[in-house]
Amino acid sequence: MRPTAHSVEPVPAVWTGRATNRIQWLLAVAGAACIALGVELAVDSNWTAGIVPLVMSVVGCVAAGLLMLYGTLAFVHVAVTVDSDFVEVRCGHMGLPRRRIPLSHVVGADFAPRVTPRQWGGWGYRWRPERGTAVIVRRGEAVVFTLGDGRTFTVTVDDAEAAVRAVRDLLTPGHPGHAAAVQG
């Protein structure tokens, strides 16, 4: 790690950060309950209305449950890595969806002290024409990457100020990582 001109804290060569939303586990449980209900209907059903309503109910419950389960587990947490080549954002336990932004495409980074899911229309991978793209897993601090094409990419992550310092340090001319970022 090396100190920068604008801070007394050393900036690591590779910065990593995470953010977690434990409340979304409740939504995952609700999704599992929908799947269980669909299975229960399929196995132990004595519907007298016919097979079509039963199949529709089973398929609906299982599909809704799978969507809720995947949608919440994919965005329970986010991991961000910043190094001299890329900014990488990985979501959930499988790391999907994942976005790798070459550092050569990043022109700046800013700290956002208060980002809420409400501002972006909910949790998850979001796009809003007036705001750009975002990965929102919880409310709180975030880092806003400004890309070379003028678009922004916002990620809620713990210690976002350190991520901003790391990106700004890597983008500083004269920094060893800056030459690699410009060539990339």
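One can find the structure itself at the top, above this paragraph.
In this text, all values refer to a predicted model and were calculated from it rather than measured experimentally. (Residues numbered from 1 in each chain as written. Predicted model: local features only at pLDDT ≥ 70, side-chain atom pairs only at ≥ 80, totals over all residues. Heavy atoms only, no water.)

## Quick notes on the pairing of strand β5 (residues 86-91)
- Pairing between strand β4 (residues 77-82) and β5: 5 bridges, direction antiparallel. When the bridges of β5 are listed, A79 appears paired with R90.
- With 5 bridges connecting them, β5 and strand β6 (residues 98-102) associate as antiparallel partners. The residue of β6 that forms the bridge with V87 is I101.
- Hairpin connection of β5 to β6: 6 residues between the antiparallel strands, including G92 at a positive phi of 70°. (Pairing = 2+ DSSP bridges. Helix = DSSP H or I, 4+ residues; strand = E, 2+ residues; numbered from the N terminus.)

## Structural notes on the environment of R90
- Position of R90 relative to the elements: it lies in strand β5.
- Along the backbone, R90 and V78 are 12 residues apart, and their C-alpha atoms lie at a distance of 5.7 Å.
- Other than its neighbours up to four places away in sequence, R90 contacts H77, V78, A79, G95, P97 and R98. (Contact = heavy atoms within 4.5 Å.)

## Digging into the nonpolar core
- Ranked by internal contacts, the top residues of the largest apolar core, which has 30 residues, are W15, V78, V106, V143, F145 and V155.
- Counting residues per element, the ones that place at least two in this core are β3 (15-20), β4, β5, β7 (106-115), β10 (140-147), β11 (152-156) and α4 (160-171).
- By residue number, the principal contributor to this core is α4, which donates 8 residues.
- Not counting residues within four places of it along the chain, the set of residues in contact with W15 comprises V80, T81, V82, V157, D158, D159, A162, A163 and A166.
- One finds W120, A134, I136 and A142 within the second-largest nonpolar core, a separate group that totals 7 residues. (Core = buried A, V, L, I, M, F, W, Y, C linked by side-chain atoms within 4.5 Å. Buried < 20%, exposed > 50% of the residue type's maximum accessible area, 1.4 Å probe, protein only.)

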